[in-house]
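Residue strings, one per chain:
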Amino acid sequence: MSLRHTFARATSRLAGLLPDAVLPRAARAPDPAADPNATTAMEKLDAALNNMSHGLCMFGPDDRLMLWNDRYVRMYKIAPGRLRVGSTLEEMLDARKEAGTAYRDLGQYDSKLTNAITKRSPDSLVAELDDGRIVNVSYRPTHNGCWVSTHEDITERAQNEARIAHLAFHDQLTGLPNRVAFNEHIAAAVHNAAGDTAFAVLCVDLDQFKEVNDVYGHSTGDRFLVEVGRRLLAASDGAFLARLGADEFIVIASVGPQPAMAEDLCTRLVAVLYQPVCVDGYEIEGSLTIGASVYPLDGADVDTLVGNAEAALYRAKADQRGSIRFFEPAMGRQIREKRALQHDIGAALARRELQLHFQPQSLAGGEIFGFEALLRWRHPERGVVSPAIFIPLAEETGAIGEIDEWVLREACREAASWPRPLSIAVNLSPVDFRRSDVAAMILSVLLETGLDPQRLEIEITEGVLFEDFDRALSILRRIKNLGVRVAMDDFGTGYSSLSYLQAFPFDKIKIDQSFTARIGSSFEAAAIIHAILGLGRALALPVIAEGVETEEQRAFLAQEGCEAQGYLIGRPEPIARYRHLVDGMAAPPESAVIAS
Ligand code: C2E
Ligand code: MG
Ligand code: MG
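Conventions we followed
- Residues numbered from 1 in each chain as written.
- Chains lettered and ligands numbered in written order.
- Predicted model: local features only at pLDDT ≥ 70, side-chain atom pairs only at ≥ 80, totals over all residues.
- Heavy atoms only, no water.
- Donors = N, O, S within 2.8 Å, 3.2 Å for Na, K, Ca; no water.
- Helix = DSSP H or I, 4+ residues; strand = E, 2+ residues; numbered from the N terminus.
- Buried < 20%, exposed > 50% of the residue type's maximum accessible area, 1.4 Å probe, protein only.
- Near = heavy atom within 4 Å.
- Polar contact = N/O pair within 3.5 Å; in protein donor to acceptor, adjacent residues only side chain to side chain.
- Areas by Shrake-Rupley, 256 points an atom, 1.4 Å probe, with all protein chains shown as cover.
- Nonpolar A, V, L, I, M, F, W, Y, C, P; charged D, E, K, R; others polar.
- Pairing = 2+ DSSP bridges.

## Regarding the coordination of the magnesium ion (ligand 2)
1) Next: For the magnesium ion (ligand 2), the full set of protein donor atoms is Glu372 (OE), Asn427 (OD1), Glu459 (OE) and Asp489 (OD), and the range of their distances to it is 2.0 to 2.2 Å.
2) Next: On the primary sequence, the residues serving as donors to the magnesium ion (ligand 2) are separated as E-x54-N-x31-E-x29-D.
3) Next: The distance between the magnesium ion (ligand 2) and the magnesium ion (ligand 3) is 4.1 Å, with Asp489 acting as a donor to both metals. Pair noted here: Asn427 is in strand 16 (residues 423-427) and Glu459 is in strand 17 (residues 456-460), with a separation of 32 residues, a long-range link.
4) Next: Note on Asn427: relative accessible area 22%, which makes it partly exposed.

## Notes on the site of ligand 1
1) Next: Lining the immediate surroundings of ligand 1 are 23 residues, of which Gln359, Asp404, Gln513, Glu549 and Tyr567 lie closest.
2) Next: At 3.2 Å from a nitrogen atom of ligand 1 is found a main-chain nitrogen or oxygen belonging to Leu375.
3) Next: Here a nitrogen atom of ligand 1 sits 2.8 Å away from a polar atom, N or O, in the side chain of Asp404.
4) Next: Calculation on ligand 1 without its partners gives an accessible area of 800 Å², and the protein chains cover 84% of this total.
5) Next: Of all elements in the fold, only strand 14 (368-379), helix 14 (387-397), helix 15 (400-416) and strand 18 (485-491) reach the threshold of two or more residues within the shell around ligand 1.
6) Next: Residue composition of the shell around ligand 1, grouped by class: 9 nonpolar, 6 polar and 8 charged.

## Looking at the coordination of the magnesium ion (ligand 3)
1) Next: In the first shell of the magnesium ion (ligand 3), the protein supplies Asp489 (OD), Asp490 (OD), Glu546 (OE) and Glu546 (OE), at 1.9 to 2.7 Å from the metal.
2) Next: All donors to the magnesium ion (ligand 3) come from one chain, and their sequence spacing reads D-D-x55-E.
3) Next: On the basis of relative accessibility, which here comes to 27%, the residue Asp490 falls in the partly exposed class.

## Here we look at the pairing of strand 6 (residues 199-206)
1) Next: With 8 of 8 residues buried, strand 6 is to be regarded as a mostly interior element.
2) Next: With burial as the criterion, each face of strand 6 is covered, one bearing Phe199, Val201, Cys203 and Asp205 and the other bearing Ala200, Leu202, Val204 and Leu206.
3) Next: With 8 bridges joining them, strand 6 and strand 11 (residues 288-295) adopt antiparallel strand pairing. Bridging from a neighbouring strand, Cys203 pairs with Gly291 of strand 11.
4) Next: Bridge count for strand 6 against strand 8 (residues 248-253) is 6 bridges, and the pairing is antiparallel. Looking across to strand 8, one finds that Leu202 is bridged to Val251.

In structure tokens, the structure reads:
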């Protein structure tokens, strides 16, 4: 029905009622025959109202319909002729019910609506219709006792907002709740937990996800993660599951008898990867490690509770991949100690607590040809801390970059000062290779110290190539182009030593000391060493065995033509201890060092 039609029929009721803003003065008492301007005014009004993007209705002081526009009729799909001037609100709602566009849950808006209408107070509401659309309806009183409702279809906007809200609270890859959602959920769980109710937080870590990415590529890695998320969700049985990072999930186990309930859940979660995941034609194996803490026993606030679940995870990972650990107070101490050490290692360089020791390396014939520089930390309270402990800590904090640069500079400066041109081996961490300028750093140290690049050997473990293969490879090539040699340390302990030997022209293989230690006792260890030496000969690569402690080991290696490094040849010591070797003089009488 057109506005003009409605308008003409409602003329008598309208007079004096319409607000100025809606109805031009000229249209107040329309008599089209007498006043041609009135027709124009009505046409204008008709055009204005029917071209509105909003639906509009106007009601008289008796709450009966006075006028409406086409948009309103179309929006609510009301049958033609179903509305009339004087319709009651109930009749209008009936018309919408027939059209399937009534408010889905009228009850919840009822009092708001009644209040707005009876008290003539402006109000608005967002409601869902029976057909699933969302409308925004505003009620505005006019000064003459009438009231106007405007109706906007905001379905698309609401959907977009819902999508954005979903994005803000969900991980895009797996669709699981994200960290923001987890933070809200755990805060609410702690807030709502009363007295003796207990729930648990489980930090779930996907082991070796990096390897999956490296071996199968990132898109397969993504699909693997999606499947792991799906399986975890299915196994979590209503518990809240979120994905916090690449391979980190977290679960808030529901209130119940703890830790028994959480233990059951942990067992079910770990079991989801007992069956390999099939993606892109691959059967990928994986495992999950879990650390758990229980509220309120292990923490009555969010930070303590989550921190302690993380501490338990840290412990579980150190114990064994695929294991489950619940928090114990001792773990908190360990974490605090670790943090204290991490703090201290950051300051160790500046406090001059770091020192270099040098361990001699000998040819198969026994002649010393060089040294490996090994770092020592003299902690003011703890005494000497092993690099096996503090290097991983410095790698975690990033302090390793500065430390390794210092080691390289000191080792090169020291070696450059020796009368004999012995070689010097320096260890670099995989973390150093994340800095793109590691080759440039080596070059600047060589220039600064004047050491002949041929005398420097960089020792890396396969972890360097593991992290970002292409990038590491190009850095290693640049290092080799400087004339510096590159050795593969701890050979045989990783997964891919052989394939890495193929990918990069290493200059030396260092057999891990675990093989050397078993030379006399294990036929397999001797066979492996034999095989590595055969490989070295085939690739024309010198091989050195670490950890040589006995004459038997030395003799076995010597007969295979293998170089040696170990306590038998000489312990890592301050260079003063080996002055005779670097100066080319006879060993001091008290020296226990077996020199050439
Ligand atoms: P690595 O490079 O494999 O060094 C060999 C380790 O074996 C050294 O342990 C050395 O003291 C030890 N060792 C040498 N001969 C024997 C022996 O006959 N028997 C036994 N049981 N052990 C022997 P250390 O000095 O504790 O260093 C441990 C690891 O810490 C090193 O392993 C290396 O990976 C790392 N590291 C040491 N210094 C540095 C450094 O300056 N930078 C970096 N990034 N890592 C370093
Ligand atoms: Mg080494
Ligand atoms: Mg080693």
